[in-house]
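What the coordinates show
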Amino acid sequence: EISFYKKIPVKLLIILVLLALVMTSSIGLFNYYFAKNAVIHSQGLEHLKWNIFSVTAVSTILCLSVFYFLMYNKLNALNQIMSASSEIAAGRLHTTPLKEGKDEFGILTKSLNKMSGDLRELVRHLNDTSNSISSSSHELSALTEQTTATSEEIGNTLNEIARGSASQASDIES
């Protein structure tokens with residue numbers, strides 16, 4: 001279970017995005033009042049249009065840049081997790097352990113690393129068990145062949161004894 005304190009980085013990102021939206025809205029309101037004053041003071045509308053456009057463009061670029069730099073590590077961690085899970089799904093269990101952290105992606109990474117280790121251990125155990133069964137099967141096969149050979153020898157010996165008994169019986173009768 002993820003505690004409240006471990007969720008702070010994602011909550012902080014959400015707050016920053018909301019702050020960027022509020023900032024953009026504030027800039028829009030600033031532009032509105034700037035335009036209202038410019039019209040009142042008879043400044044040119046062309047000058048006003050370029051001021052509004054430049055302030056909006058700069059604030060948008062600034063907000064997107066901050067958002068990109070804040071999200072870069074999260075997206076990078078997500079890409080690493082997706083890549084590692086694809087490797088594990090393809091049967092390559094000896095992937096390099098991922099860097100673990102304290103946020104949601106770090107907890108997911110820790111679980112993925114544990115799952116990978118557990119699967120490696122399970123496969124190793126299955127291989128050991130398979131080798132043991134194979135060895136036991138070969139030993140059992142050899143014992144079966146010995147038992148068959150011994151049974152054939154006993155059968156041949158009993159046949160010889162029966163022929164000898166029959167021969168003695170016929171000699172006694174004659």
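For the structure given in this document, a descriptive report is provided here. (Residues numbered from 1 in each chain as written. Predicted model: local features only at pLDDT ≥ 70, side-chain atom pairs only at ≥ 80, totals over all residues. Heavy atoms only, no water.)

The next point concerns the pattern of salt bridges. All chains considered together, the criterion is met by four salt bridges. Put simply, E87 and R92 hold a salt bridge, and the shortest N to O gap is 2.7 Å. Across the salt bridge formed by R124 and D128, the nearest N and O atoms sit 2.7 Å from each other. Separated by four residues within a single helix, R124 and D128 lie in helix α3 (residues 104-173), roughly one turn from each other. Residue classification places R124 among the partly exposed positions, given a relative accessible area of 41%. (Salt bridge = Lys/Arg side-chain N within 4 Å of Asp/Glu carboxyl O. Helix = DSSP H or I, 4+ residues; strand = E, 2+ residues; numbered from the N terminus. Buried < 20%, exposed > 50% of the residue type's maximum accessible area, 1.4 Å probe, protein only.)

This part takes up the environment of I81. Examined against the element boundaries, I81 turns out to sit in helix α2 (residues 45-89). Here I81 falls in the buried class, since its relative accessible area comes to 7%. Setting aside its immediate chain neighbours within four residues, I81 contacts L98, F105, L108, T109 and L112. (Contact = heavy atoms within 4.5 Å.)

On to the side chain of T109. Within the element layout of this structure, T109 appears in helix α3. On the basis of relative accessibility, which here comes to 3%, the residue T109 falls in the buried class.

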